[in-house]
Structures are given as C-alpha cells and as structure tokens.
Amino acid sequence: MMNKKWAAKRLTINLTSSEAQKLEQYCSMTGRPATDVIRELIRSLSTQEEKVPQT
C-alpha cells in the first residue's frame, strides 16, 4: 500500500524511447523502482543559485 504522504502530487511525463530505455535499464541494474530513481534526481536539483567563488 502506498504511503499517503508520497501521494501528494502525481506526474505524467513524456520520455523519448531512448530516455525510457535508459531509465528501464538503470532500474533493472539497480533493482530500484523508477519512482524512487526520479524522486532522487529531483531532490538532487539545486533550487538556489550557487555562488561560484571568483579565482
């Protein structure tokens, strides 16, 4: 049963065949569901401008 806190927003995305194949291959290799992989990628996105030190 799906945890309700994860059901806050459902998305449908369009992927090219190569993108879908890459996701399927990654999930197959790692044994992880696509939802977990996509969530992890979203969490890794920066939402603030990162200050790059001047050299």
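In what follows, the structure referred to is the one given above.
A brief report on the enclosed structure follows. (Residues numbered from 1 in each chain as written. Predicted model: local features only at pLDDT ≥ 70, side-chain atom pairs only at ≥ 80, totals over all residues. Heavy atoms only, no water.)

1. Here's the deal with the overall build of the chain
In step 1: Secondary structure assignment for the chain yields two helices and zero strands.
In step 2: Considering the chain as a whole, with its 55 residues, one finds that 4% of them fall into the buried category.
In step 3: Summed over all atoms, the accessible surface of the chain reaches about 5,800 Å², with 54% contributed by carbon and sulfur. (Helix = DSSP H or I, 4+ residues; strand = E, 2+ residues; numbered from the N terminus. Buried < 20%, exposed > 50% of the residue type's maximum accessible area, 1.4 Å probe, protein only. Areas by Shrake-Rupley, 256 points an atom, 1.4 Å probe, with all protein chains shown as cover.)

2. Re the packing of helix α1 (residues 17-30) against helix α2 (residues 34-43)
Describing two packed helices takes the angle between their axes plus the distance from one axis to the other.
In step 1: Contact geometry for α1 and α2: axes closest at 9 Å, N-to-C directions at 105 degrees. The angle between the axes of α1 and α2 places the two elements in the roughly perpendicular class. Contact residues: α1 offers Leu23, Tyr26 and Cys27, while α2 offers Ala34, Val37 and Ile38.
In step 2: For the contact of α1 with α2, the residue count by class is six nonpolar, no polar and no charged. (Axes fitted to C-alpha atoms, helices over the stretch in contact; angles between N-to-C directions. Parallel < 35°, antiparallel > 145°, perpendicular 65-115°, else oblique. Contact = heavy atoms within 4.5 Å. Nonpolar A, V, L, I, M, F, W, Y, C, P; charged D, E, K, R; others polar.)

3. Side note on the pattern of salt bridges
In step 1: Summed over the entire model, instances satisfying the criterion amount to two salt bridges.
In step 2: With a closest N to O distance of 2.9 Å, Arg32 and Glu40 form a salt bridge.
In step 3: Residue classification places Glu40 among the partly exposed residues on the basis of a relative accessible area of 39%.
In step 4: The partner of Asp36 in a salt bridge is Arg39, and the shortest N-O contact between them spans 3.5 Å. (Salt bridge = Lys/Arg side-chain N within 4 Å of Asp/Glu carboxyl O.)

4. Let's talk about α1
In step 1: Given a rise of 1.5 Å per residue, 14 residues ought to cover 20 Å, and the 20 Å separating the end C-alpha atoms of α1 matches this to within 8%.
In step 2: Downstream of α1 by one or two residues, Gly31 has phi in the positive range, about 75 degrees. (Expected span 1.5 Å × (residues − 1).)

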